[in-house]
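Listed below, chain by chain, are the residues.
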Amino acid sequence: RIPAILEPLTAVSASKHDAVQEQTYGSRLGEWVLETFAATTSFSITILTAIVSLFPAWKSPVWGLRFLGHYARMVFGPTAIIYLIASGLISGFVTTYFTFKFLPYSTYTQPLLVEDLLTALGFAMYRIFVPVLSCVLIAARCGAAVTSDIGGRQFGNQLAAMRTLGARPTFYLLTPIVWSFLIGTPILCYAAYYSAKYTSLVTFVLNDPVHGPDFWQMHFHRGLDVAGQFTYRGFGWLISKLLCCGFGIAVIAYYQGCKPKFSTTDVSRSVTATIL
């Protein structure tokens, strides 16, 4: 009789457990939906704020231009240009040397494929390889530098002091940062490209005594030159992608630096997050 008596109680307990579990799942789903909407809203506000900040709204143009010069030197100053030129030297040598070095049956295939290989190298360097590598290096070098600068200001309560004085950080800091990256990203990428291009020329001439620089010049740009056009084929598309990357790096670097900082470890973490 005891199991028979306890059976209804067990059923009631199981039903209550199921109801609680369903309520738990429901509350978790509700929290996830709310968090998703909050994150999406926050992201949208961040992007809109960055877009609005493209228009300078400086109460003091002198200080606005001073911050612009500060972040311009940080993003595409001499050391940054040298850094990207060095990456171009490496990429130009590696792509050209190893393309012809490890060509299967090079004795037979290289005379037949050398023109097409040079055309493919020129196209890949200009449209794919150098821009991708450059944007990664810009994020690693320039994005980290900007995040470290903003993170140091946040840790030292300088951003709070600016707000107290009526100087909005989004105008005096975000605006110069975004414009520095929009101007600097194409400059740095083209510095890396021309470095890679002429390194490719020297590497090809030194490793192929049969063909000279004129042969390289004619076939390297065959897939890029457009008759009657000053720029290479795909220039507009390339610049659009570089500007998007520069804008994204600028926004990420600024807002990672603006997160609350309670120690130097927090600054280091924000720098790492920006690079990632």
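Residues numbered from 1 in each chain as written. Predicted model: local features only at pLDDT ≥ 70, side-chain atom pairs only at ≥ 80, totals over all residues. Heavy atoms only, no water.

**Let's talk about the nonpolar core**
Counting residues in hydrophobic clusters, the biggest one holds 58 residues, and the most contacted among them are Tyr 71, Val 146, Ile 150, Leu 173, Ile 177, Phe 181 and Tyr 193. Contributions of two or more residues to this core are made by helix H2 (61-76), helix H3 (78-101), helix H4 (106-155), helix H5 (158-164), helix H6 (169-207), helix H7 (213-220) and helix H8 (235-258). Ranked by residues supplied to this core, first place goes to H6 with 16 residues. Once residues lying within four places of it in the same chain are set aside, the contact partners of Phe 181 are Val 75, Ile 138, Cys 142, Gly 143, Val 146, Pro 186, Gly 246, Ile 249 and Ala 250. (Core = buried A, V, L, I, M, F, W, Y, C linked by side-chain atoms within 4.5 Å. Buried < 20%, exposed > 50% of the residue type's maximum accessible area, 1.4 Å probe, protein only. Helix = DSSP H or I, 4+ residues; strand = E, 2+ residues; numbered from the N terminus. Contact = heavy atoms within 4.5 Å.)

**Side note on unusual backbone geometry**
Of note, the phi angle at Asn 157 is positive, near 60 degrees, even though the residue is not glycine. Relative to the elements of secondary structure, Asn 157 occurs in the loop between H4 and H5.

**Observations concerning the packing of aromatic side chains**
Two descriptors summarise a pair of aromatic rings, namely the distance from one centre to the other and the angle between the planes of the rings. Counted by the stated rule, this structure contains 13 aromatic pairs. Seen in terms of ring centroids, Tyr 126 and Tyr 232 are 5.2 Å apart; in terms of plane orientation they differ by 90 degrees. Their pairing is edge-to-face. You can see Tyr 126 sitting in helix H4 and its partner Tyr 232 sitting in the loop between H7 and H8, a full 106 residues away along the chain. Judged on exposure class, the residue Tyr 126 and its partner Tyr 232 are both buried. Taking 5.3 Å as the distance between ring centres and 65 degrees as the angle between the ring planes, the aromatic pair formed by Tyr 193 and Tyr 194 counts as edge-to-face. Accessibility expressed as a relative area gives 35% for Tyr 194, which makes it partly exposed. Through pairs of rings, three or more aromatic residues link up here, namely Tyr 126, Tyr 190, Tyr 193, Tyr 194, Tyr 232 and Phe 235. Positioned over the ring face of Trp 63 is Arg 66, at 4.5 Å from the centre of the ring. (Phe/Tyr/Trp six-rings, centres within 6.5 Å; stacked < 30°, edge-to-face > 60°. Lys NZ or Arg CZ within 6 Å of the ring centre and 35° of its normal.)

**A look at the pattern of salt bridges**
Within the structure shown, the criterion is met by two salt bridges. Between Asp 116 and Arg 222 there is a salt bridge, with the nearest N and O atoms lying 3.0 Å from each other. Separated by 106 residues along the polypeptide, Asp 116 in helix H4 and Arg 222 in the loop between H7 and H8 bring together distant segments of the chain. Owing to a relative accessible area of 47%, Asp 116 belongs among the partly exposed residues under this scheme. By relative accessible area, Arg 222 is classed as partly exposed at 42%. Residue Arg 153 is joined to Asp 149 by a salt bridge in which the shortest nitrogen-to-oxygen separation is 2.9 Å. Taken as a pair, Arg 153 and Asp 149 lie in helix H4 at a separation of four residues, close to a single helical turn. Arg 153 gets classed as buried once you look at its relative accessible area, which sits at 15%. Take Asp 149: its relative accessible area is 18%, and that puts it in the buried class. (Salt bridge = Lys/Arg side-chain N within 4 Å of Asp/Glu carboxyl O.)

**With respect to the environment of Ala 273**
Considering the arrangement of structural elements, one finds Ala 273 in helix H9 (residues 264-275). A relative accessible area of 32% means that Ala 273 is categorised as partly exposed. Sequence separation of Ala 273 and Ala 253 is 20 residues, and the distance between their C-alpha atoms is 8.8 Å.

**Overview of a nonpolar patch on the surface**
Together, Ile 85, Leu 89, Ile 90, Phe 93, Val 94, Phe 98 and Phe 102 make up a nonpolar patch on the protein surface, roughly 650 Å² of accessible area in all. On the secondary structure map, Phe 102 appears in the loop between H3 and H4. Residue Phe 102 is classed as exposed on the basis of its relative accessible area of 60%. (Patch = residues over 30% accessible without salt bridge, like charges linked within 9 Å, V, L, I, M, F, W, Y side chains within 5 Å. Areas by Shrake-Rupley, 256 points an atom, 1.4 Å probe, with all protein chains shown as cover.)

**Quick notes on the side chain of Thr 95**
Mapped onto the fold, Thr 95 is located in helix H3. In this structure Thr 95 comes out as buried when scored by relative accessible area, which is 17%. Of note is the side chain of Thr 95, whose polar atom sits 2.7 Å from the backbone oxygen of Ser 91. Leaving out residues up to four positions away in the same chain, Thr 95 has contacts with Leu 121, Met 125 and Phe 129. (Polar contact = N/O pair within 3.5 Å; in protein donor to acceptor, adjacent residues only side chain to side chain.)

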